[in-house]
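Next come the chains, spelled out residue by residue.
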Amino acid sequence: MTTHVERFAPSPTGPLHLGHAYSALLAFDAARKAKGRFLLRIEDIDTTRSRPEYEAAIHDDLAWLGIEWEEPVLRQSDRFDAYAAVLDQFRERGLLYPCTCTRKQIAAAMSAPQEGSDMPPPYPGTCRGRSFADMDGDYALRLDMRKALVSLGGAGVVKKLHFKETGRGPNREKGKIALDMPALIETVGDIVLARKDIPASYHLSVILDDAFQQITHVTRGHDLFAATPIHRILQALTGRPTPIYHHHDLIRDDTGRRLAKRDDARALSTLRAEGKTPADIREMVGL
Ligand code: GLU
């Protein structure tokens, strides 16, 4: 029997708020219930936005909530060589092309969707067909999704790829979720896998690290549900296993908007300072 391994993977780019507490507690409780393991991963790949004080606050807030995790904690900034090795293999397989589109466009495509709000609009393929030989200076690496489809064995094979959803997506999707690669090519297009100053995008680093940490169950907000088919494709392309996914409802503020890192009113540190207890936090998120 394989052990149940859960993780909580925050980015140290702001204070943790109620939504993070909900995710972390759900994953921690699930691991406890299954007599499994619970890991913490610091997603500090974007060194331009990550701050040590936020990382310290993550440890502090989680410990206060009564969450225990295994040491050592994995930090993505220690994994750059592993990401580079996979990018080299992709490049040798002819799956990548260099992209020189605007910084803003690329930045939106690099981070976890909920941080830059929603999934970015589909990439029109402006730089597709560019060759590395013609490049000098700064460029990002994009995955050619059409070539990825061919490399995976074509539409017939890809149609059989799926992931298991034990929670639910934004439209109540659950159970066995099949991939629709033609739709993905339309709605997402060629994803960014790296940028000069950020050695792997959210999508690539997350699937490599879940495999490296032998995560069997991923618990996260349903704002990341739309990213999961991309993760499934990257798992297939890199031969990494697919965990079971549990996307949960989002904790919203009083006006019904999802919480963002800038909502300081719902920051755990604010709630703690107001005298709330860990039991109050559990109650506030409906646990
Ligand atoms: N690091 C991501 C975030 O803080 C979450 C990654 C994940 O759970 O897949 O938004």
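Heads up: the structure comes first, above all this text.
So, here's what we can say about the structure. (Residues numbered from 1 in each chain as written. Predicted model: local features only at pLDDT ≥ 70, side-chain atom pairs only at ≥ 80, totals over all residues. Heavy atoms only, no water.)

Quick look at the packing of aromatic side chains
Logical step 1: Taken as a whole and assessed by the stated rule, the structure comprises five aromatic pairs.
Logical step 2: A ring pair is formed by Phe 28 and Phe 38, whose centres lie 5.5 Å apart and whose planes are at 85°; its orientation type is edge-to-face. Highlighted residues: Phe 28 in helix α1 (residues 18-33) and Phe 38 in strand β2 (residues 37-42), separated in sequence by ten residues.
Logical step 3: The exposure class assigned to Phe 38 is buried, which follows from its relative accessible area of 5%.
Logical step 4: Between the aromatic rings of Phe 132 and Tyr 139, the centroid separation amounts to 5.9 Å while the plane-to-plane angle is 65°, which identifies the pairing as edge-to-face.
Logical step 5: Residue Phe 132 is classed as buried on the basis of its relative accessible area of 18%.
Logical step 6: Aromatic ring contacts, followed pair by pair, group Phe 163, Phe 225 and Tyr 245 into a single cluster.
Logical step 7: Taking the ring centre of Phe 212 as reference, the NZ or CZ of Arg 79 above it sits at 4.0 Å.
Logical step 8: Between Arg 91 and the ring centre of Phe 132, over which it is positioned, the NZ or CZ distance is 3.7 Å. (Phe/Tyr/Trp six-rings, centres within 6.5 Å; stacked < 30°, edge-to-face > 60°. Helix = DSSP H or I, 4+ residues; strand = E, 2+ residues; numbered from the N terminus. Buried < 20%, exposed > 50% of the residue type's maximum accessible area, 1.4 Å probe, protein only. Lys NZ or Arg CZ within 6 Å of the ring centre and 35° of its normal.)

Quick notes on helix α2 (residues 52-65)
Three- or four-residue spacings in an α-helix give side chains the same orientation, since the helix completes a turn every 3.6 residues.
Logical step 1: Here α2 spans 20 Å end to end across 14 residues, near enough to the 20 Å set by a 1.5 Å rise per residue.
Logical step 2: Considered for burial, the residues of α2 that qualify are Glu 55, Ile 58, Asp 61, Leu 62 and Leu 65. Looking straight down α2, one finds that the buried residues subtend no more than 125° of arc, so they occupy a single side. Residues of α2 that are exposed and angled more than 90 degrees away from the buried face: Pro 52 and Glu 53.
Logical step 3: Remark: Gly 66 follows α2 within two positions and exhibits a positive phi of approximately 95°. (Expected span 1.5 Å × (residues − 1). Arc of directions from axis to C-beta.)

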